[in-house]
Amino acid sequence: MAAPNHFLEDKKIIVVGGGIAGCAFVAALHKLWNPNWRLPEIVVLERNPRDVRHNYSISLHGDSVNGGLVALRQLGLLDETLSHSIFGLRSGQFKMWDVNWKELMSTQPRPWGDLPTGSMRIQRSDLERILVREAERINATFHRGVECTGAERLANGRIRVAVEDEAGVQDHQDCDFLVVADGAQSRLRAALRPHDDLKYAGAVQIGGRAEFPHGIPEPIEENWGVLLSGKGVCCYFSAVDKDTVVWALSQQRAEPDTRTSVATPDRFAALKEEALRLGSMFSEPFCTIVESTIPSSAFVTAAMEKEPFRHDDPSLERIVFIGDANHAVSAFAGNGANLALKDGWDLAENICYQSSLHNAVAAYDRLGFARAAEAIKLSHQKMDFAHCTSVKDSLLRAGLATGRWFMRIRGM
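As the structure is a computational prediction, the values presented were derived from the model and not from experiment.

Caption draft 1: Structural detail: the side chain of Lys342. As for its placement among the helices and strands, Lys342 is situated in helix H8 (residues 336-353). Buried within the structure, Lys342 lacks any salt-bridge partner; its nearest side chain of opposite charge belongs to Asp346, at an N-O separation of 4.2 Å. Looking at Lys342, its side chain comes within polar contact range of the main-chain oxygen of Val65, at 3.1 Å. Beyond its immediate sequence surroundings of up to four residues, Lys342 is in contact with Val65, Asn66, Gly67, Val70, Ala71, Gln74 and Arg371.

Below, the structure is given as structure tokens:
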């Protein structure tokens, strides 16, 4: 007996944002779609050119059903992703060190189910390239250099998306279902939910990429992790490739830093001086890493976040936000790509298996909202821990000695 018609057969889906969340959704929908159903038209609108290089690495987790590695296996992309692992499957651990680089704790999360690893690091550019190629392979139509500035519901129930190209020419496209995956600074979220902004999470990071043509210094050549000072300052390190490491020195502050650029020589010199002063308690190779920073890579950034939301507002009928467009986590969560991958998979899965779009979105919300809320809660615990001081620091270090508490904050 033929499968009953699907509510999105022959319809048009617009995905705003061709990054991790958007491409994961496109790939998952194609993989799960019943071959007896007629395919919807899928159009991806992306503001950036293809293969934009992101000069940093990200964590992918495989220690629970909510890990990004689980989603990649479901997509059939796990082996290709693992082949781009920075540290390899059997090397590289997240570590915590004291000011003298003495190891306080290391962790290698236990893999969920039969996954080959519980965690890995990968260049963000490599992961995006894998997902984009998969979305293109299944004939999703990409329009690049297009900014989506707004959306409205038409009298016939369809959604009209306002777009603007690089030359400033304005146009629109209509669709039957709109998936918004245009990141933490989502233009569509600003238009449709103007009061749902990013919020300052309480910490400021300064850092950059340090280059070592003859090899990254120990102990971060094969591991990533964080230096703890016990004085309210910490510094995170992770390799990008065999010659380059990203560092980010962090301090909790009542207000975000107002600097918008450190691109000039004077500002770059001031940033290095600030980092060396704040991190003066850290032993080598801290100073060498800071001094080896590529000037154009230097940054000052405030930790920002945004709580997740459900799609029970009638104004959002036929519109779903996924990934950072829905819920943004700070760098202290170490979980943004995992949330994006699972959002894409879960939304596609429920679209394919639920009896209506309303039911599919409600089922997606039940999964995605709880997952993101927990990630934000844990990011606050990580942030407090990384910046701990005095007695609090001693108590937390005692907890590290037995390894009890740290297993809740793995993946930082």
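After presenting the structure, the write-up continues.
Caption draft 2: Looking closely at the UniProt feature "transmembrane region" (unreviewed entry) in the chain. Following the UniProt record, the feature "transmembrane region" (unreviewed entry) maps to residues 12-33 here. With 59% helix and 23% strand, residues 12-33 has end C-alpha atoms that lie 15 Å from one another.

Caption draft 3: Broad picture of the side chain of Asp174. Here Asp174 lies in strand S10 (residues 170-175). The exposure class assigned to Asp174 is buried, which follows from its relative accessible area of 18%. In terms of polar contacts, Asp174 uses its side chain to reach the side chain of Arg160, at 2.8 Å. The contacts of Asp174, once residues within four sequence positions are left out, are Lys12, Ile14, Leu154, Arg158, Ile159 and Arg160.

Caption draft 4: Looking closely at the environment of Asp257. Mapped onto the elements of the fold, Asp257 is located in the loop between strand S15 (244-252) and helix H6 (265-278). When the C-alpha atoms of Asp257 and Ile86 are compared, they prove to be 31 Å apart, with 171 residues separating the residues in sequence. Beyond its immediate sequence surroundings of up to four residues, Asp257 is in contact with Val204 and Val300. In terms of polar contacts, Asp257 uses its side chain to reach the side chain of Arg253, at 3.2 Å. A polar contact is formed between the side chain of Asp257 and the side chain of Arg259, at a distance of 2.8 Å.

Caption draft 5: Examining unusual backbone geometry more closely. With an omega dihedral of 0°, the bond running from Glu218 to Pro219 counts as a cis peptide bond. Residue Pro285 is bonded to the preceding Glu284 through a cis peptide linkage, with omega at 20°. Checked against the element boundaries, Pro285 lands in the loop between H6 and helix H7 (286-291). Positive phi values are uncommon outside glycine, yet Trp101 reaches one of about 65°. Take Trp101: it is sitting in the loop between strand S4 (94-97) and strand S5 (103-107). According to the relative accessible area criterion, Trp101 is buried, its value standing at 11%.

What counts, and at which threshold
Residues numbered from 1 in each chain as written. Predicted model: local features only at pLDDT ≥ 70, side-chain atom pairs only at ≥ 80, totals over all residues. Heavy atoms only, no water. Helix = DSSP H or I, 4+ residues; strand = E, 2+ residues; numbered from the N terminus. Buried < 20%, exposed > 50% of the residue type's maximum accessible area, 1.4 Å probe, protein only. Lys, Arg positive; Asp, Glu negative; His and termini not counted. Salt bridge = Lys/Arg side-chain N within 4 Å of Asp/Glu carboxyl O. Polar contact = N/O pair within 3.5 Å; in protein donor to acceptor, adjacent residues only side chain to side chain. Contact = heavy atoms within 4.5 Å. UniProt positions renumbered as here; feature names shortened; annotations may be inferred.

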